[in-house]
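Structure assessment
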Amino acid sequence: MIRAFRGELLSVARDPRGDAGAVRHEADGLLVVEDGIVVARGAYSDLAERFAGMAVEALPGLIVPGFVDSHVHYPQMDRIASHGEQLLDWLDRHIFPAEKAFADRAHADAVAEAFLGELLRNGTTSALVFPTVHAQSVDALFEAALARRMRIVSGKVLMDLGPEGLADTAETARGESEALIARWRGRGRLGYAVTPRFALTSSDAQLAVAGALVAEHPDVLMHTHLAENVRECEAVTDRFSCDYLDAYDRFGLVTARSVFAHGVHLTDRSCVRLEESGAGVAVCPSSNLFLGSGFFDFGQADRHGFRTGLGTDVGAGTSFSMLHTAGLAYQAALARGDRLDPFRALYLATAGSAALLHIGDRVGALEVGQEADFVVLDDAATPLLARRTAEASLAERLFALQILGDDRAIRRTYILGDCAWERGA
Ligand code: GUN
Ligand code: ZN
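In this text the structure is predicted, and so the values were computed from the model without any measurement.

1. Considerations on the overall build of the protein
For the protein, the count of helices and strands is 15 helices and 16 strands. Over its C-alpha trace the protein gives a radius of gyration of 21 Å, about what one expects of a compact globule, namely 22 Å for 425 residues. Along the first, second and third principal axes, the C-alpha set of the protein runs to 65 × 45 × 40 Å. Per-residue burial for the protein yields a buried fraction of 56% across its 425 residues. Contacts in the protein between residues far apart in sequence, at least 24 positions, make up 73% of those at least 6 positions apart.

Here it is in structure tokens:
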């Protein structure tokens with residue numbers, strides 16, 4: 001099956017800082033997709049002859065790669081907007097009670113369905129997802145993602161020091177993770193991540209199990225939280241008597257396949273280690289603002305040059321929209337004196353997050369050979385957006401979409417070249 005789409009194409013395959021060639025824009029472009037894979041892309045005038053005779057579908061709007069959410073919790077979607085607490089109290093009061101309900105497979109199935117629908121309506125086609133401690137919460141998410149052909153990476157949460165009803169053990173963590181890896185490896189577009197919740201909810205024995213799993217399965221990711229909240233950081237120092245990242249490093253959890261959410265309060269020592277290991281940080285500005293955690297330091301990250309991507313962190317994050325999250329990243333950066341360029345923000349929301357998740361060869365840039373996951377953006381989705389983007393430059397339109405846009409600006413979401421969601425349909 002071969003299909004051709006004509007429209008305005010924009011992607012940012014590499015970090016555009018000091019690399020203007022990273023931004024690829026065809027004002028009148030052609031995208032040709034065969035069996036879900038991009039087989040040609042370029043200016044319509046350059047490609048029209050080669051594909052003469054093929055039916056061409058015109059897409060109204062700005063076509064960008066599907067967004068990649070590098071950190072999000074599906075079981076927390078119904079606790080979004082829970083009032084009144086910073087991280088540790090918010091977990092105890094709002095989140096742990098909600099996660100206990102995922103012992104029930106039918107509940108997990110229902111929420112997983114709603115969650116993936118919400119990703120698509122926001123233009124997100126790939127994500128690295130926290131489920132709960134329950135193995136069946138992973139099965140529920142993976143089954144739903146397989147049916148929708150989405151690129152989802154997840155893995156059972158490890159938390160043997162968690163509250164009653166949510167705590168596993170070092171042994172069940174190993175056994176259940178091994179079983180899930182065996183059950184899901186190589187299926188559809190799914191990937192597995194060994195997922196210790198954070199240093200405070202795992203015993204040393206369980207962190208060692210996580211390290212062993214990572215060492216024994218070179219194809220899996222490691223996904224956890226790092227240096228998000230001041231009180232959390234103090235508790236980590238009290239228990240481990242070392243730098244936060246070192247607490248993970250001791251157990252073999254800092255590798256090129258490690259994704260750490262937040263990193264709001266990083267020491268320079270941690271930054272050096274992140275860079276040399278190839279590990280990276282999922283930056284989550286919506287969450288950091290909502291929980292009063294602070295502002296990610298883009299200047300520090302850039303000085304050290306470790307990898308970064310962008311995550312919503314729903315339910316601490318308050319929006320599924322990666323556009324809106326990119327706009328908040330701009331504001332978080334500016335709070336610390338840094339100007340986040342809108343093309344760089346698009347990079348972080350697409351190819352940057354894809355690289356962090358080690359799926360950058362497959363998605364994130366709409367290059368030939370990549371999977372055809374893409375979004376059609378409407379830069380006149382609201383009256384205000386229409387006014388602000390009329391006669392604006394590309395950079396201004398993109399920035400307006402990030403500051404003013406959200407799910408309303410997603411006209412269509414395509415998975416492997418097929419329309420998987422359409423606004424108003
Ligand atoms: N740290 C440990 N667990 C969580 C969680 O569920 N959300 C956030 N934002 N931080 C965490
Ligand atoms: Zn999180």
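There is more to say, and it comes next.
2. Things to note about the site of ligand 1
In the vicinity of ligand 1, the residues found are His73, Leu87, Leu91, Ile95, Arg197, Phe198, His225, Glu228, Ser287, Asp313 and Ala316. In terms of residues, the shell around ligand 1 owes the most to one element, helix α2 (residues 87–100), which gives three residues. Partitioning the shell around ligand 1 into residue classes produces five nonpolar, three polar and three charged.

3. Here we look at the environment of Arg148
Along the chain, Arg148 falls in helix α4 (residues 135–148). Taking the C-beta count within 10 Å as the criterion, Arg148 has 19 such neighbours and is therefore assigned partly exposed. Along the primary structure Arg148 and Arg14 are separated by 134 residues, whereas in three dimensions their C-alpha atoms are 28 Å apart.

4. Thoughts on the UniProt feature "domain: Amidohydrolase-related" (unreviewed entry) in the protein
UniProt annotation of "domain: Amidohydrolase-related" (unreviewed entry) refers to residues 63–417 when read in the numbering used here. Secondary structure over residues 63–417 splits into 45% helix and 16% strand, and the C-alpha atoms at its two ends are 12 Å apart.

5. Here we look at α2
Here α2 contains 14 residues, and its C-alpha end-to-end distance of 18 Å stays within 8% of the 20 Å for a straight helix at 1.5 Å per residue. At His94, α2 is deflected by roughly 40°, the largest bend along its length, and proline Pro97 occurs up to four residues later in sequence. Within the span of α2, buried status applies to Leu87, Trp90, Leu91, His94, Ile95 and Glu99.

6. Overview of the packing of helix α12 (residues 322–335) against helix α13 (residues 342–356)
Between α12 and α13, the shortest axis-to-axis distance is 10 Å and the interhelical angle comes to 130°. Taken together, the axes of α12 and α13 lie oblique to each other. The handedness of the crossing between α12 and α13 is right-handed. Between α12, through Met322, Ala326, Ala329 and Tyr330, and α13, the contact on the second element is made entirely by Ala345, Leu346, Leu348 and Ala349. Residues belonging to the contact of α12 with α13 are distributed by class as follows: eight nonpolar, no polar and no charged.

7. Topic: the domain arrangement of the protein
Per the domain assignment, the segments making up the protein are domain 1 (2–65 + 364–398 + 405–422) and domain 2 (67–340). On the side of domain 2, 15 residues touch domain 1, which itself brings 13 residues to the contact. Every element with two or more residues in the side of domain 1 that touches domain 2 is listed here: β15 (410–415) and β16 (418–422). The element contributing the most residues to the side of domain 1 that touches domain 2 is β15, with three residues. Here the side of domain 1 that touches domain 2 is composed, by residue class, of seven nonpolar, three polar and three charged.

8. A short note on the sheet that holds strand β3 (residues 37–43)
Taken in spatial order, the seven strands make up an open sheet running β3-β2-β1-β4-β14-β15-β16, and their pairing is mixed. What marks the edges here is a single partner per strand, and that holds for β3 and β16. Put simply, the sheet's adjacent strands are angled 35° from each other on average, direction ignored. Where strand β4 (residues 56–65) lies against strand β14 (residues 374–377), four bridges are found, and the strand directions are antiparallel. Looking at β14, one finds that Ile63 is bridged to Val376.

9. So, the nonpolar core
Formed by 133 residues in total, the largest nonpolar core has its most connected members in Leu141, Ala326 and Ala329. Per-element accounting of this core gives the leading share, 10 residues, to α13. Shared between two domains, this core holds at least three residues of each, these being domain 1 (2–65 + 364–398 + 405–422) and domain 2 (67–340). Setting aside residues no more than four positions away along its own chain, Ala329 makes contact with Val283, Pro285, Leu310, Leu340, Ala345 and Leu348.

10. Quick word on the environment of Arg362
Examined against the element boundaries, Arg362 turns out to sit in the loop between α13 and β14. The spatial distance from the C-alpha of Arg362 to the C-alpha of Arg189 is 9.9 Å, given a sequence separation of 173 residues. Residue contacts for Arg362: discarding those within four places in its chain leaves Gln370 and Glu371.

11. Some words on the pairing of strand β1 (residues 2–12)
Where β1 meets strand β2 (residues 23–34), 10 bridges bridge the pair, whose relative direction is antiparallel. Bridged to Arg6 within β2 is Leu30. Two strands pair when backbone bridges link them, and β1 and β4 are joined in this way by five bridges, in the parallel orientation. Directly across from Leu9, in β4, lies its bridge partner Ile63.

12. What about unusual backbone geometry?
Among all residues save glycine, negative phi is the norm, and among peptide bonds the norm is trans. Val314 connects to Gly315 through a cis peptide bond whose omega is 0°. For Gly315, the position within the fold is in the loop between β13 (307–310) and α12. Positive phi values are uncommon outside glycine, yet Asp313 reaches one of about 55°. What makes Asp313 buried here is the crowd of 29 C-beta atoms within 10 Å.

Calculation notes
Residue numbers here run from 1 along each chain, matching the order of that chain's written sequence. The naming scheme follows written order: chains are lettered A onward, ligands numbered 1 onward. In keeping with the predicted nature of the model, local features appear solely for residues at pLDDT of at least 70, side-chain atom pairs appear and are counted solely at 80 or more, and the whole-chain, interface and lining totals rest on all residues. A run of H or I in DSSP counts as a helix once it spans at least four residues, and a run of E counts as a strand once it spans at least two, with each numbered from the N terminus. Radius of gyration here uses only the C-alpha atoms, and the compact-globule reference equals 2.2 Å multiplied by the residue count raised to the power 0.38. We call a residue exposed when 12 or fewer other C-beta atoms sit within 10 Å of its C-beta, buried when the count reaches 20 or more, and partly exposed for counts in between; the C-beta positions come from the backbone. C-beta atoms are first placed from the backbone for all residues, and any pair lying within 7 Å is then listed as a contact. Proximity of a residue to a molecule or strand is defined by its backbone-placed C-beta atom lying within 6 Å of that partner. Amino acid classes used here: Ala, Val, Leu, Ile, Met, Phe, Trp, Tyr, Cys and Pro are nonpolar; Asp, Glu, Lys and Arg are charged; the rest, including Gly, are polar. UniProt positions are given in the numbering used here, feature names are shortened, and annotations may be inferred rather than shown by experiment. In a helix, the anticipated span is given by 1.5 Å times the number of residues less one. We define the bend at any residue as the angle between the axes fitted to the seven residues before and including it, ending there, and the seven starting there. For helices, the fitted axis covers only the stretch in contact; all axes are lines through C-alpha atoms, and the angles between them, taken along N-to-C directions, range from 0 to 180 degrees. Should an angle fall under 35 degrees it is taken as roughly parallel, and over 145 as roughly antiparallel, whereas 65 to 115 is taken as roughly perpendicular and any remaining angle as oblique. The crossing is said to be left-handed when, going from far helix to near helix, the turn is anticlockwise and less than a right angle, and right-handed when the turn is clockwise. What marks off one domain from the next here is an automatic or database domain assignment. Between any two strands, pairing holds if DSSP finds at least two bridges. By our criterion, buried Ala, Val, Leu, Ile, Met, Phe, Trp, Tyr and Cys residues that link up through C-beta atoms within 7 Å make up a nonpolar core.

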